[in-house]
Amino acid sequence: PKQFDIKTVLQAALDATEAELPADLFESVAETLGNHPGYSPTLLPSLEQYAGDNQQGRLALNRVKVHSAKLTARLQGLIEAHTLEKSRAARRGRMLSAPHLHRAAVGDSRIFRIKERKVAPNTALHILTDLSGSMAGGQDVIALDAAMALALALETTNGVSRAVSAFPGLYGQDEKLTRILSHDDRVSARSGAFVQRGRGGTPMTGALWFAAADLLARREERKVIITLTDGQPDDMRSAVDLVKRATAAGIQMIGVGIELDVSRLFPTAIRINDIADLKTELFRIAEQLLLN
């Protein structure tokens, strides 16, 4: 299918009348992003391309693989536990359940065995990485390594799509985000893009807005934005407001605080002090992240 520029499509959606768009699309965009006080739709940031440093990227990939592998194993174990076929006794069915036949003697008709299999995750994630100047000096590397480890851990998980972006732009522009990973990309092919440094301010509202627009265009039922940040947006009020709007529209908002508690910003929040913490802390919320 033809790919459209998200900024152009979203602007057209916001400018269109209700009669010109399907009701669900119009309502989703309007509810999540429209009428944002003090934040014009024209300020939705645009995505800039970035190839990065492939040699340093390979070193980063090798550095995070051990953490990613551990996270993969735990997430896959959780998913398999939820998707394994299970049997239960029922009042109707085609197969009798031998362990429950005694119930018939006491008038309990739950003597049939039926199999149930829960579906795999159907989730689209957008991972936002805060690379503001306040993250420079080490926190930027922790955030990028964590984003890479998470994207890599989920790469082989059926039913999960993930994208990674960094903000602000490469030269600190508020109106731009840097593409790190698109939904269909493999981490190994894009490892160089995970090699960046902190710069500029923290235009988190625009970044959240972009990620929400990206996810609203996805077909997956569950939509999740994970933001890795030190928790100091340029405009706290508008960032908090957009988190609330996106949550109300059904997008799960998760904050990963880099050496800081970000629960004042995000309804679900964890804190990591280094990449080794990611496995333990992220697993705490993995079930709500991936499964009903």
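Below, the structure is looked at part by part. Here the structure is a predicted model, which is why all the values come from computation and not from measurement.

### Quick look at the pairing of strand 4 (residues 123–130)
Okay, so step 1: Buried residues dominate strand 4, accounting for eight of its eight residues.
Okay, so step 2: Residues of strand 4 alternate between two faces, with Thr123, Leu125, Ile127 and Thr129 on one and Ala124, His126, Leu128 and Asp130 on the opposite face, all of them buried.
Okay, so step 3: Relative to strand 5 (residues 160–167), strand 4 runs parallel, the two being bridged by eight bridges. Directly across from Ala124, in strand 5, lies its bridge partner Ser161.
Okay, so step 4: Here seven bridges tie strand 4 to strand 7 (residues 222–229), and the two strands are oriented parallel to one another. Note that in strand 7 the partner of Ile127 across the bridge is Ile226.

### Some thoughts on the side chain of Lys223
Okay, so step 1: Among the structural elements, Lys223 can be located in strand 7.
Okay, so step 2: Looking at Lys223, its side chain comes within polar contact range of the main-chain oxygen of Leu215, at 3.1 Å.
Okay, so step 3: Only 2.8 Å separates the side chain of Lys223 from the backbone oxygen of Arg218, close enough to count as a polar contact.
Okay, so step 4: Leaving out residues up to four positions away in the same chain, Lys223 has contacts with Ala124, Leu215, Leu216, Arg218, Gly250, Ile251 and Gln252.

Rules behind the numbers
- Residues numbered from 1 in each chain as written.
- Predicted model: local features only at pLDDT ≥ 70, side-chain atom pairs only at ≥ 80, totals over all residues.
- Heavy atoms only, no water.
- Buried < 20%, exposed > 50% of the residue type's maximum accessible area, 1.4 Å probe, protein only.
- Helix = DSSP H or I, 4+ residues; strand = E, 2+ residues; numbered from the N terminus.
- Pairing = 2+ DSSP bridges.
- Polar contact = N/O pair within 3.5 Å; in protein donor to acceptor, adjacent residues only side chain to side chain.
- Contact = heavy atoms within 4.5 Å.

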